[in-house]
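Examining the three-dimensional arrangement
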Amino acid sequence: MKRLKKEFFHLPTLELSRALLGRTLVKETSEGRTAGRIVETEAYIGPEDRAAHSYGARRTKRTEIMFASPGHVYTYTMHTHCLFNIVSAPEDNPEAVLIRAVEPVSGRDLMEIRRNGRKELEWTNGPGKLTKAMGITMGDYAKCCYEDASIYLLEGSAPEDIASGPRVGIDNSGEAVDYPWRFWDPASPYVSKSRKKPGTP
């Protein structure tokens, strides 16, 4: 599979969130290479999105990379977990796509070690789980997905169907709580446990 080029990341954020499904995320570390097919994403659309870190054009040390060009890596820590996002709008428009789940493609032995022997379906079925399994850390902050040699995306196959619904874990975000900006492959067993099926509360 070929690496995704710069132009791919210039899709509007909601389109990119859908287009990322089925693409392969690759992480190279000194321990080895892991790869996972993206099966779940969430879009965060900047200053007007109360659930986004950049709501109100908030510009801090943490969110600074969100103001960079599309394709850069935005990692942040939540409850000790590192979460992986891809910046998704032109410079000075702080939007990003959270990668919520991937389906293991390669490096399974390494993923199993990093996930402490948990069942395979629990290795990467959540945003904090996949970063542990793949060795993605805060050290990846501000890297570029189409130029960097250690973290990048490959072409893949789009899912036959794409489901959408409200994002997860944003209960204090006003009207943004109901935006259907979470997208997933309903055929994948690696989608996170929260709201797997369309129409579920």
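Residues numbered from 1 in each chain as written. Predicted model: local features only at pLDDT ≥ 70, side-chain atom pairs only at ≥ 80, totals over all residues. Heavy atoms only, no water.

1. Things to note about the pairing of strand 3 (residues 73–78)
For clarity, the cut-off: Pairs of strands are assigned from DSSP output, requiring at least two bridges between the strands. Each helix is a run of DSSP H or I of at least 4 residues and each strand a run of E of at least 2, with the numbering of both proceeding from the N terminus.
Of the pairings in the sheet, the one linking strand 3 to strand 4 (residues 81–87) comprises 6 bridges and is antiparallel in character. From the neighbouring strand, threonine 77 faces strand 4, where its bridge partner is cysteine 82.

2. Examining the side chain of aspartate 140
The criterion, for reference: Definition of a polar contact: a pair of N or O atoms within 3.5 Å, with one able to donate and the other able to accept a hydrogen when the atoms are protein atoms, and with sequence-neighbouring residues admitted only if both atoms are side-chain atoms.
By the element assignment, aspartate 140 lies in the loop between helix 3 (127–134) and strand 6 (151–154). Polar contacts involving the side chain of aspartate 140 include one to the side chain of lysine 27, which spans 2.6 Å.

3. Quick look at the pattern of salt bridges
How we decide: A pairing counts as a salt bridge when a side-chain nitrogen of Lys or Arg comes within 4 Å of a carboxyl oxygen of Asp or Glu. Note on classification: 1.4 Å probe, protein chains only; a residue is buried when its accessible area is under 20% of the maximum for its type, exposed when over 50%, partly exposed between these limits.
Tallied over the entire structure, the rule returns 12 salt bridges. Linking arginine 33 and glutamate 28 is a salt bridge whose minimum nitrogen-to-oxygen distance equals 3.2 Å. The class for arginine 33 is partly exposed, based on a relative accessible area of 37%. What makes glutamate 28 partly exposed here is its relative accessible area of 28%. The structure contains a network of salt bridges with shared partners spanning Glu40, Glu42, Arg100 and Arg182.

4. Details of the state of the cysteines
Stated precisely, the cut-off is as follows: A pair of sulfur atoms, both from cysteines and within 2.5 Å, is called a disulfide here.
Tallied over the full model, the rule gives 0 disulfides. For the unlinked cysteine cysteine 82, the closest cysteine sulfur is that of cysteine 145, found at 13 Å. You can see cysteine 145 has no disulfide; the closest cysteine sulfur is in cysteine 144, sitting 6.7 Å from it.

Function cannot be inferred from these measures alone, as they are strictly geometric.
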